[in-house]
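# Structural features, examined
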Amino acid sequence: MTERLADISARIDGIRQLGAVVNAMKGIAGARAQQARAQVFAVDSYAATIAAAMSRVLAREKTPPGTAAKSGDDRPGLLVFCAEHGFAGAFSERVLDSIGARDDPAYLFLIGSRGLSIATARGLKPHWTAPLPSHTPRIPRLANQITTAIYRAVAEGRIDCLDVVFTGWKSARPALVRQRLFPIDLADLPKTTAERPLTQLPDDTLIASLGQDYFNAQVCKAALHAFASENEARMEAMSSAGSEIARELETFQATLSRVRQEAITAEIIELGTGAAARRGKR
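Note that the structure is predicted; figures quoted are calculated from it, not measured. (Residues numbered from 1 in each chain as written. Predicted model: local features only at pLDDT ≥ 70, side-chain atom pairs only at ≥ 80, totals over all residues. Heavy atoms only, no water.)

## What about the pattern of salt bridges?
When the charged atoms of two side chains lie near each other, side chains of opposite charge can form a pair. Note the following rule: For this analysis, a salt bridge means a side-chain nitrogen from Lys or Arg found within 4 Å of a carboxyl oxygen belonging to Asp or Glu. Note on exposure labels: buried denotes an accessible area under 20% of the residue type's maximum, exposed denotes more than 50%, and partly exposed covers the range between, all computed with a 1.4 Å probe on protein chains only. Starting at the N terminus, helices and strands are each numbered in turn, a helix being any DSSP run of H or I of at least four residues and a strand any DSSP run of E of at least two.
Here the structure, examined in full by the defined rule, presents eleven salt bridges. For E156, the salt bridge is made with R158, and the minimal N-O distance between the two is 2.6 Å. What makes E156 partly exposed here is its relative accessible area of 47%. For R158, a relative accessible area of 42% translates into the label partly exposed. When the shortest N-O distance is used, the salt bridge between E230 and R234 registers 2.8 Å. Of the two residues, E230 and R234 are both situated in helix 5 (residues 203-281); the distance of four residues between them amounts to about one turn of the helix.

## Quick look at the packing of aromatic side chains
Aromatic rings considered in pairs are described by the distance between their centres and by the relative angle of their planes. The condition that has to hold: Only Phe, Tyr and Trp rings are paired, with Trp represented by its six-membered ring, and only when their centres lie within 6.5 Å; those with planes under 30 degrees apart are stacked, over 60 edge-to-face, the remainder tilted.
For the structure on display, the rule yields three aromatic pairs. Taking 5.2 Å as the distance between ring centres and 50° as the angle between the ring planes, the aromatic pair formed by Y107 and F109 counts as tilted. With respect to class, Y107 is no different from F109; both count as buried. Grouped by ring-pair contacts, the aromatic residues Y107, F109 and W128 constitute a single cluster.

## Section: the environment of S9
Turning to its location among the elements, S9 is positioned in helix 1 (residues 2-58). S9 gets classed as partly exposed once you look at its relative accessible area, which sits at 28%. Distance from S9 to L256, taken between C-alpha atoms, is 7.2 Å for residues 247 residues apart in sequence.

## Some details on the nonpolar core
For clarity, the cut-off: Remark: nonpolar core denotes a set of buried residues (Ala, Val, Leu, Ile, Met, Phe, Trp, Tyr, Cys) joined through side-chain atoms within 4.5 Å. Any two residues whose heavy atoms approach within 4.5 Å are treated as being in contact.
In terms of nonpolar packing, the biggest core is built from 46 residues, with L79, F81, F109, I111, I146 and L162 touching the most fellow members. Among the elements of the structure, helix 1, strand 1 (76-81), strand 2 (107-111), helix 4 (139-155), strand 4 (161-170), strand 5 (173-182) and helix 5 are those that each provide at least two residues to this core. For this core, the element with the highest residue contribution is helix 5, accounting for 14 residues. For F109, the contacting residues outside a window of four places in its chain are L78, L79, V80, W128, A149, I150, A153, I159 and L162. Core analysis: the next-biggest nonpolar cluster, separate from the first, contains twelve residues, I8, L249, L256 and A263 among them.

Right, dumping it as structure tokens:
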């Protein structure tokens, strides 16, 4: 009985330690997600400013080459953001399921080490991969690496259009987002009634420069959304794990109380039996 009490007590200690680890992971994920969500607003503001500048330069009168969506794209590229680490539920699986069999990208850019291992197990072979940083200050550098790789693929004639797939967060639930990144669709630019600014550069050169900044901002925005959503998925997974740990701990504590009571009862019976035996001998 004593050995059984020791085993149950050791199990309870192990469960409590696991609960502490789960709570720590949940807290870290929550802090990272909150930080990323705050930075998404800054990137949105930056992208909106660039879009407004492009709209004022164009004045809706002409379409510079290389910025409007083309028809008959036959070399599509796909930029996919998956999870970098585990303990995030089926985060990467949902993203990879969304591209499905209907997609056969000529060039697949995949971000996230955990997602890469799952994609490889499914037989997908990305042409370019990169890990998703563990901290948001490194995401702009990742966005620069992604845009450089995409521009290289475009220059080599490997792709002529690009979609991005990432996980956003709507109504406290994850939501997959797919949108066109390249070529930039001028129809998405905000309408403006502001006067056309005085410029010193040719329109094509200016729009190309602004377009690169806008494209980089959109990639950075997708990366931040993916980063925040992965951590929010990890928070949800850790919350479920914490609830399960609490239930298991409650069960083992009840078992410990019952076993301890049984041990006390057995000792009382043993003492009573011994006393009765001594009285009988007298």
